[in-house]
Amino acid sequence: MLAVLLYFIYDSVYTPLCQLSNGLKAGGIIGILALLFALVAGINIFVHCSGVVMLIISMMTWKLAVSYFR
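We now turn to the structure provided with this report. The residue numbers shown here count from 1 along each chain, following its written sequence. Restriction of local features to residues with pLDDT of at least 70 applies here, the model being predicted, together with a cutoff of 80 or more for giving and counting side-chain atom pairs; totals for whole chains, interfaces and linings are based on all residues. For side-chain calculations, the full set of non-hydrogen atoms in the structure is used, while hydrogens and water are omitted.

**Quick word on helix α2 (residues 50–67)**
Side chains three or four residues apart in an α-helix point the same way, a direct result of the helix having 3.6 residues per turn.
Point 1. A run of DSSP states H or I qualifies as a helix once it reaches four residues; a run of E qualifies as a strand once it reaches two. Both are numbered from the N-terminal end. What a helix should span is 1.5 Å times the count of its residues minus one. Taking 1.5 Å of rise per residue, the 18 residues of α2 would be expected to cover 26 Å, and the 26 Å separating its terminal C-alpha atoms lies within 8% of that figure.
Point 2. Under the scheme applied here, a residue whose accessible area is under 20% of the maximum for its type counts as buried, over 50% as exposed, and between as partly exposed, the area being computed with a 1.4 Å probe on protein chains only. Within α2, the full set of buried residues consists of Gly-51, Met-54, Ser-58, Thr-61 and Ala-65. In a view along the axis of α2, the buried residues occupy a sector of 80°, so they form one face of it. Turned more than 90 degrees away from the buried face of α2, the exposed residues are Met-59, Met-60 and Lys-63.
Point 3. Working rule for contacts: check all heavy atoms of both residues, and any pair within 4.5 Å makes them a contact. Among the structural elements, α1 (2–44) are those in contact with the buried residues of α2. The arc under discussion is defined with respect to the helix axis, by the directions toward the C-beta atoms.

Written as structure tokens, this is what we have:
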């Protein structure tokens, strides 16, 4: 049971923090903004269809951050 709990802690806490750190290195502050926007969009997609639009905007923001502000 402890191994399963540790896996869920690793999967839900440590992995997103590493992804945010990699996003900061790759895209700077705009990259972090795009990742957080994608997180909110992923949660919102289950509630309302506007989550799809938010997800597309976050992808465009990520492309902008990686391509131009690197």
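**Digging into α1**
Point 1. Taking 1.5 Å per residue as the helical rise, α1 with its 43 residues ought to reach 63 Å, whereas the 32 Å between its terminal C-alpha atoms falls clearly short.
Point 2. Maximal helix bending in α1 amounts to about 135°, located at Gly-27.
Point 3. Where α1 is concerned, the buried positions are Gly-23, Ala-26, Gly-27, Gly-31, Ile-32, Ala-34, Ala-41 and Asn-44.
Point 4. The secondary structure elements touched by the buried residues of α1 are α2. Bend is computed residue by residue as the angle between axes fitted to the seven residues ending at the residue and the seven residues starting at it.

**What to know about a nonpolar patch on the surface**
Point 1. Taken together, the side chains of Phe-37, Ile-45, Phe-46, Val-47, Val-52, Val-53, Leu-55, Ile-56, Ile-57, Met-59 and Met-60 define a hydrophobic patch exposed on the protein surface, amounting to about 1,000 Å² of accessible area.
Point 2. Looking at the nonpolar patch, the element that brings in the most residues is α2, giving 7 residues.
Point 3. Its location among the elements puts Met-60 in helix α2.
Point 4. Judged by relative accessible area, which is 53%, Met-60 ranks as exposed. Grouping into patches uses exposed residues only, defined as over 30% relative accessible area, and leaves out salt-bridged ones; the cut-off is 9 Å for like charges and 5 Å for nonpolar side chains (Val, Leu, Ile, Met, Phe, Trp, Tyr). All accessible-area figures derive from a Shrake-Rupley calculation using a 1.4 Å probe, and residue coverage is judged against the displayed protein chains alone. A pairing counts as a salt bridge when a side-chain nitrogen of Lys or Arg comes within 4 Å of a carboxyl oxygen of Asp or Glu.

**A few points about the environment of Ile-45**
Point 1. Note on placement: Ile-45 falls in the loop between α1 and α2.
Point 2. According to the relative accessible area criterion, Ile-45 is partly exposed, its value standing at 35%.

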